[in-house]
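Observations on the model geometry
Spelled out from the first residue to the last, the chains are:
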Amino acid sequence: MCGIVGYIGTKEAIPIILNGLRRLEYRGYDSAGIAYLNGDNTLKVFKKKGKVNELVKHLKNIPTNIHIAIGHTRWATHGAPNDINAHPQLSASGKITVIHNGIIENYSIIKEALIKQGYNFVSETDTEVIANLIEEIQSRDGVILSEAVRLALNEVIGAYAIVVMSSDFPDELIAARKSSPLVIGIGENEFFLASDATPIVEHTKNVVYLNDEEIVSVKNDGTFLIKTIENKIKTPFIEELQMELEMLERGGYDYFMLKEIYEQPTTVKDSMRGRLNLEKGTISLGGIKDYEHKLMNAPRIILLACGTSWHAALIGEYLFEDLARIPVEVDYASEFRYRNPIIKEEDVVIAISQSGETLDTMAAIELAKSKGATVLGICNVVGSTISRITDAGCYTHAGPEIGVASTKAFTAQVTILTLMALLLARKKGTITDTHYHQILIELDKIPAKIEAVLKISKQIEKIAAEFKDARNFLYLGRAYNFPIALEGALKLKEISYIHAEGYPAAEMKHGPIALIDEEMPVVVIATNQSAYEKITNNIMEVKARRGKIIAIVAEGNGKIKELADYAIEIPETEEILSPLLSIIPLQILAYHIALMRGCNVDQPRNLAKSVTVE
Ligand code: M6R
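Predicted model only: the values in this text are computed from it and were never measured.

Conventions we followed
Residues numbered from 1 in each chain as written. Predicted model: local features only at pLDDT ≥ 70, side-chain atom pairs only at ≥ 80, totals over all residues. Heavy atoms only, no water. Helix = DSSP H or I, 4+ residues; strand = E, 2+ residues; numbered from the N terminus. Rg over C-alpha atoms; globule rule 2.2 N^0.38 Å. Buried < 20%, exposed > 50% of the residue type's maximum accessible area, 1.4 Å probe, protein only. Areas by Shrake-Rupley, 256 points an atom, 1.4 Å probe, with all protein chains shown as cover. Lys, Arg positive; Asp, Glu negative; His and termini not counted. Charge placed at Lys NZ, Arg CZ, Asp CG, Glu CD. Phe/Tyr/Trp six-rings, centres within 6.5 Å; stacked < 30°, edge-to-face > 60°. 1 Å grid on protein atoms, 1.4 Å probe; cavity = no way out; pocket = protein on both sides within 12 Å on 5 of 7 lines; lining within 4 Å. Points joined across faces, edges and corners; volume = space filled by probe spheres on them. Nonpolar A, V, L, I, M, F, W, Y, C, P; charged D, E, K, R; others polar. Domains from an automatic or database assignment. Salt bridge = Lys/Arg side-chain N within 4 Å of Asp/Glu carboxyl O. Axes fitted to C-alpha atoms, helices over the stretch in contact; angles between N-to-C directions. Parallel < 35°, antiparallel > 145°, perpendicular 65-115°, else oblique. Left-handed = near helix turned anticlockwise from the far one by under 90°. Contact = heavy atoms within 4.5 Å. Core = buried A, V, L, I, M, F, W, Y, C linked by side-chain atoms within 4.5 Å. Near = heavy atom within 4 Å. Polar contact = N/O pair within 3.5 Å; in protein donor to acceptor, adjacent residues only side chain to side chain. Buried area = accessible area lost by both parts, 1.4 Å probe. Expected span 1.5 Å × (residues − 1).

**Let's talk about the overall build of the chain**
Assigned secondary structure in the chain consists of 19 helices and 27 strands. Relative to a compact globule of 614 residues, whose C-alpha radius of gyration would be 25 Å, the chain shows 26 Å and is just as compact. Projected onto the principal axes, the alpha-carbon positions of the chain cover approximately 80 × 50 × 45 Å. Within the chain, the proportion of its 614 residues that are buried is 59%. Of the roughly 23300 Å² of accessible surface on the chain, a fraction of 49% belongs to carbon and sulfur atoms. Averaging the coordinates of the 65 positive side-chain charges in the chain and doing the same for the 79 negative ones gives two points 2 Å apart.

See the structure below:
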């Protein structure tokens, strides 16, 4: 969603801002803008619908000798994506400019009051309301900019990360956050402000993650001050970024998504590194060590997430129930928070999120915490809000995921859930020694087996060419591979815009079978040993209606291979680990189909990488 970047210091600000905006492109956006203060302290604003390149064309010449500037990529909420609604938004006098990520819920009430006081509005945005509110408070109360921002934020209800720049205060930028992320990068007499660390890492590794309802003033004399919106001074906690610049580059791949698919042998290994010790036959998850007892004795584990992370949670349900015999409930965070759920203090909630910034997941966590439940997190982004508001947790260590379609983060989440379930099963004694060791040995082989699947990419590309013009797809799977059917369908629809549905294979007869004709490709994940015969029957039912079967089968499993129109053979593994392999061909299939249809694989239309609004 919206991306924020700001700079104040001694270097040329405009290239830093434009480069930062490019780094933030992956978050998803539909317009971009920049504002800076000229040497004579006049505010200049340039904004354009479309990509950052459009903005650069609009700028014509890159201004030099600029040392304070802000930039924004907007994902439209209030008002269409156009030049006027793009950020930065100016106050009525043209002296204050604001960039904003989030939604101000009471903006129309504030707007009406400001209109009565003579303010005119040019855009449809809630952000312009913030700019004018700050201006009004400043002139009414005669306060400095940071105080006006603080007072304004006491009046707004909603979510925000903002950066404010004023021509009357040319030596400082003010930033604040509530429910939307904001990071401060600290350099030598310079500061960077951004929605996440990606625009910052090439300049400095020292960062401060702003907390909810905190305001920071960063100044060009190298000083900064953090306060709460209640006016309490906070001591900043400076952290070192664990991110390298190369992680943010495509590294020779055409698309980030392709790079991230191919990184999976490494990222799955990284998720297990230092946690799985094959020689000793142990699993240790340092992040949740103090909560093992609580987990083992939990009457219920509640897994909360959205999108792809929710699919990982569904696999978690199979794992925890099957291996550790702990009852599990899986919920969409967005539904959980609004359905008055029954939460007990003994419950353990596990929130799963790649970005660690998904607003619905954050709100669901807060709800669970308020009812006294222990809340653990499984996050990919180090230092993200969810990793900080949960009691404890495990990082997935998949590295930055830039492609909007989640791939390596998903397999890393499933790896962590597998380790957690095995750890608990071992401690509870719900798994036999033999089975436990068998799974550990097999888990260790998964990265090499993913590597083997990646080698058949050409075959999958040929299948993609056959089906690139299909209008609908059905994905079927059973047990551990039912969530994979959902995830395969999601991958296809989000990047190729083909309508795709995932279903538990047995449910096909209860409705979706009506859709099947010779036009309908049906992807069947048929690697499960336990339901092999049943899946075979489902395939027969599709074939009887002339549907085209693309089957994902385990090597050596002859029968389904014969039946399918197209068979993709992947290495055999333990059934509980099969999702880690069966998702790979589906990611590759979606990627190639999207590419062949001319879609923007990394930045699909309308989508945002981290969904920081409801
Ligand atoms: O960052 P999160 O894991 O919390 O994000 C959840 C979803 O928004 C995300 O998985 C989304 O569905 C992806 N586009 C899927 O590829």
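**Structural notes on the packing of aromatic side chains**
Tallied over the full model, the rule gives 10 aromatic pairs. Ring geometry for Y7 versus F192: centroids 5.1 Å apart, planes at 50 degrees, classification tilted. Note that Y7 is positioned in strand β1 (residues 3-8) and F192 in strand β10 (residues 191-194), a separation of 185 residues in sequence. F192 carries the same exposure label as Y7, and that label is buried.

**Details of the layout of surface pockets**
Approximately 670 Å³ is the volume attributed to the largest pocket. Around the largest pocket sit 39 residues that line it, and M243, N380, V381, V382 and P400 are the ones nearest its centre. Put simply, the parts of the chain that give the lining of the largest pocket at least two residues each are β15 (239-240) and α7 (264-272). Looking at the lining of the largest pocket, its residues break down into 14 nonpolar, 13 polar and 12 charged. Formed jointly, the lining of the largest pocket draws a minimum of three residues from each of two domains, domain 1 (3-247) and domain 2 (251-454). In this structure, the second largest pocket occupies an estimated 460 Å³ of space. Forming the walls of the second largest pocket are 22 residues, and the residues nearest its centre are C306, G307, T308, K609 and V611. Taken together, the elements giving at least two residues each to the lining of the second largest pocket come down to α9 (307-324), β20 (348-353), α11 (359-370) and α16 (482-496).

**Some remarks on empty space enclosed by the protein**
Inspection of every chain in the model, using the stated rule, returns 2 cavities of 30 Å³ or more. If you add up the space inside the largest cavity, you get close to 70 Å³. Lining the largest cavity we find C2, R74, W75, T77, H78, H87, H100, G102, T125, D126 and T127. Here the residues of the lining of the largest cavity sort into 2 nonpolar, 7 polar and 2 charged. Here the second largest cavity defines a volume of roughly 50 Å³. Every residue along the wall of the second largest cavity is listed here: T527, Q529, A554, I570, P571, E572, T573, E574, E575, S578 and L581. Among the residues making up the lining of the second largest cavity, the classes are represented as 4 nonpolar, 4 polar and 3 charged.

**Points about the pattern of salt bridges**
When charged atoms on two side chains of opposite charge get close, those side chains can pair. A full pass over the atoms with the stated rule returns 35 salt bridges. The partner of E244 in a salt bridge is K205, with the nearest N and O atoms 3.2 Å apart. On the criterion of sequence distance, the pair formed by E244 in the loop between β15 and α6 (256-262) and K205 in the loop between β10 and β11 (206-209) is long-range, its members being 39 residues apart. A salt bridge links E263 to K259; the shortest N-O distance between them is 3.5 Å.

**Regarding the packing of helix α13 (residues 408-428) against helix α14 (residues 433-454)**
To characterise two packed helices, one gives the angle between the axes of the helices and the distance between these axes. Interhelical geometry of α13 versus α14 gives an angle of 160 degrees and a closest axis separation of 11 Å. One element, α13, and the other, α14, form an angle in the roughly antiparallel class. Relative to α14, the crossing made by α13 is left-handed. Across from T418, L419, L422 and R426 in α13, the residues of α14 making contact are D433, Y436, H437, I439, L440 and L443. Per-class residue counts for the contact of α13 with α14 are 6 nonpolar, 2 polar and 2 charged.

**Quick look at the nonpolar core**
In globular proteins that are soluble, nonpolar side chains generally tend to be buried together. One finds F320, I350, F473 and Y475 to be the most contacted residues of the largest nonpolar core, which totals 92 residues. Ignoring anything within four residues of it in the chain, the contact list for Y475 reads A485, G488, A489, L492, A500, E501, G502, Y503, V523, L586 and L589. Y26, Y29, Y209 and L248 belong to the second-largest nonpolar core, a separate cluster that totals 32 residues.

**So, the site of the ligand**
For the ligand, the set of nearby residues contains 15 residues, the closest of which are S309, S353, S355, T358 and E494. Within the backbone of V404, one N or O atom sits 3.3 Å away from a nitrogen atom of the ligand. One of the backbone nitrogen or oxygen atoms of S406 is found 2.8 Å away from an oxygen atom of the ligand. Considered on its own, the ligand offers 410 Å² of accessible surface; in the complex 91% of this is hidden by protein. Of the residues belonging to the shell around the ligand, the class tally is 5 nonpolar, 8 polar and 2 charged.

**What about the domain arrangement of the chain?**
According to the domain assignment, the chain contains domain 1 (3-247), domain 2 (251-454) and domain 3 (456-600). Taken together, the contacts link 36 residues of domain 2 with 30 residues of domain 3. Sorting the residues of domain 2 by area buried against domain 3 places H311, Y318 and V453 first, and these three jointly supply 21% of that buried surface. For the pair domain 2 and domain 3, the number of links is 0 salt bridges.

**Points about unusual backbone geometry**
Along the chain, H87 connects to P88 via a cis peptide bond; the corresponding omega equals 5 degrees. Despite not being glycine, N41 has its phi angle at roughly 65 degrees, a positive value. Mapped onto the fold, N41 is located in the loop between β2 (31-37) and β3 (43-49). Residue N41 is classed as partly exposed on the basis of its relative accessible area of 33%.

**Regarding helix α1 (residues 13-24)**
Between its first and last C-alpha atoms α1 spans 16 Å; for 12 residues at 1.5 Å apiece the expected length is 16 Å, and the two agree. Across the 12 residues that make up α1, a large majority, 9, are buried. All of the buried residues in α1 are A13, I14, I16, I17, L18, G20, L21, R23 and L24. Among the structural elements, β1, β2, α2 (52-59), β4 (68-74) and β10 are those in contact with the buried residues of α1.

**Considerations on the environment of Y332**
Within the element layout of this structure, Y332 appears in strand β19 (residues 328-332). For Y332 and L303, which are 29 residues apart along the polypeptide, the C-alpha to C-alpha distance reads 8.5 Å. Aside from chain neighbours lying at most four places away, what touches Y332 is A305 and W310.

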